[in-house]
Amino acid sequence: MSETAKKSSGFLPAVKEFFRKLLVSLKRKPQTIPLLMLAITFVYYSLNLTQISNTTAKIQGAGMGLCGFATMLFSILSLVCFMNAFPHRKKVNIPMLVLMFAMLALIIFCDYYYMGRITAALTRPENPIAISANTLYIAKAYNMLNDHVIMLIVSVVLVALLPIYSKLLKKIKTSIEVAGNADMGEIDISGED
C-alpha cells in the first residue's frame, strides 16, 4: 500500500471522528452555539473600535461616545450573564437570562442611536460632513454597526430557540458500533462455575 493511500485512509475516519466528538459535545452543551455567536459578535465590534472612535471624534454628536462605551461594556457583561445563565449541570438561571436579553436590547438601541447620529451629521443642512478618502471610516463605521445589529439579532434568536434545537441535537445518533457487543448477553457474570 502506498504512503498516500495510508494517509487518505486514516484522514477520513479522523475527520469523521472529529465531527462525531463535536456533535457529542454540542449535545451535552448546546448553549455553546449561541455563546460562540455572542463571542464572535463582541470580537467583531472590538476589532472595528478604531472606526467608531474616529467617527465619534470627527462628528462629536450628542451621546455618541456614551453609546460606544455602553456597547463595549454591555457586550462584555452580556457574555458574563450568558455564562451565568447556563451553569453546568443546573437549571437555567432565568434572572441572568432576562438581564442578558435586556443588555442585548440596550446594545441594539445604542447601535441604532449611533447610526442615527452619523446620518444626522451627513445630512444636516449646515456644514454637513462629506464622505471622502479621509473620512471613509465614517461609512465603514456605519456599515459595521449595521452588521453588528444583524449579528446581535442572530444571537438573540439563537438563545431564544435554544430549547428547540437542543432537543433536535439530542435526536442525532452519535454512538459508535463496537465489534463484539452483540455477544454481551452470552457472557456469564454470575461467578458460578
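Before any of the text, the structure's been laid out above.
Cut-offs applied
- Residues numbered from 1 in each chain as written.
- Predicted model: local features only at pLDDT ≥ 70, side-chain atom pairs only at ≥ 80, totals over all residues.
- Heavy atoms only, no water.
- Axes fitted to C-alpha atoms, helices over the stretch in contact; angles between N-to-C directions.
- Helix = DSSP H or I, 4+ residues; strand = E, 2+ residues; numbered from the N terminus.
- Parallel < 35°, antiparallel > 145°, perpendicular 65-115°, else oblique.
- Contact = heavy atoms within 4.5 Å.
- Nonpolar A, V, L, I, M, F, W, Y, C, P; charged D, E, K, R; others polar.
- Patch = residues over 30% accessible without salt bridge, like charges linked within 9 Å, V, L, I, M, F, W, Y side chains within 5 Å.
- Areas by Shrake-Rupley, 256 points an atom, 1.4 Å probe, with all protein chains shown as cover.
- Salt bridge = Lys/Arg side-chain N within 4 Å of Asp/Glu carboxyl O.
- Phe/Tyr/Trp six-rings, centres within 6.5 Å; stacked < 30°, edge-to-face > 60°.
- Buried < 20%, exposed > 50% of the residue type's maximum accessible area, 1.4 Å probe, protein only.
- Left-handed = near helix turned anticlockwise from the far one by under 90°.

(A) Main features of the packing of helix 6 (residues 136-160) against helix 7 (residues 162-170). As a packed pair, helix 6 and helix 7 sit with axes 5 Å apart at the nearest point and diverge in direction by 60°. On the basis of the axis angle, helix 6 is oblique to helix 7. Counting all contacts with helix 6, which are made through Leu158, Val159 and Ala160, the residues of helix 7 involved are Leu162, Pro163 and Tyr165. Residues belonging to the contact of helix 6 with helix 7 are distributed by class as follows: 6 nonpolar, no polar and no charged.

(B) How the structure looks around a nonpolar patch on the surface. On the surface, Ile153, Val157, Leu161, Ile164 and Leu168 cluster together into a nonpolar patch covering about 440 Å² of accessible area. Within the residue set of the nonpolar patch, elements represented by two or more residues are helix 6 and helix 7. Within the secondary structure, isoleucine 164 sits in helix 7.

(C) Representation of the packing of aromatic side chains in the model. What the rule picks out here adds up to 2 aromatic pairs. Centroid distance phenylalanine 82 to phenylalanine 86: 4.9 Å. Interplanar angle 50°. Geometry classified as tilted.

(D) Quick peek at the side chain of glutamine 31. In this fold, glutamine 31 is placed in the loop between helix 1 (3-28) and helix 2 (32-47). On the accessibility criterion, glutamine 31 (17% relative accessible area) is buried.

(E) Spotlight on the packing of helix 3 (residues 49-59) against helix 4 (residues 64-85). The N-to-C vectors of helix 3 and helix 4 enclose an angle of 160°; their axes lie 9 Å apart at closest approach. Between helix 3 and helix 4, the angle is such that the two are roughly antiparallel. Crossing of helix 3 over helix 4 shows left-handed handedness. Between helix 3 and helix 4, the contacting residues are Leu49, Thr55, Thr56 and Ile59 on the first element and Met64, Gly65 and Met72 on the second. The residue makeup of the contact of helix 3 with helix 4, split by class, is 4 nonpolar, 3 polar and no charged.

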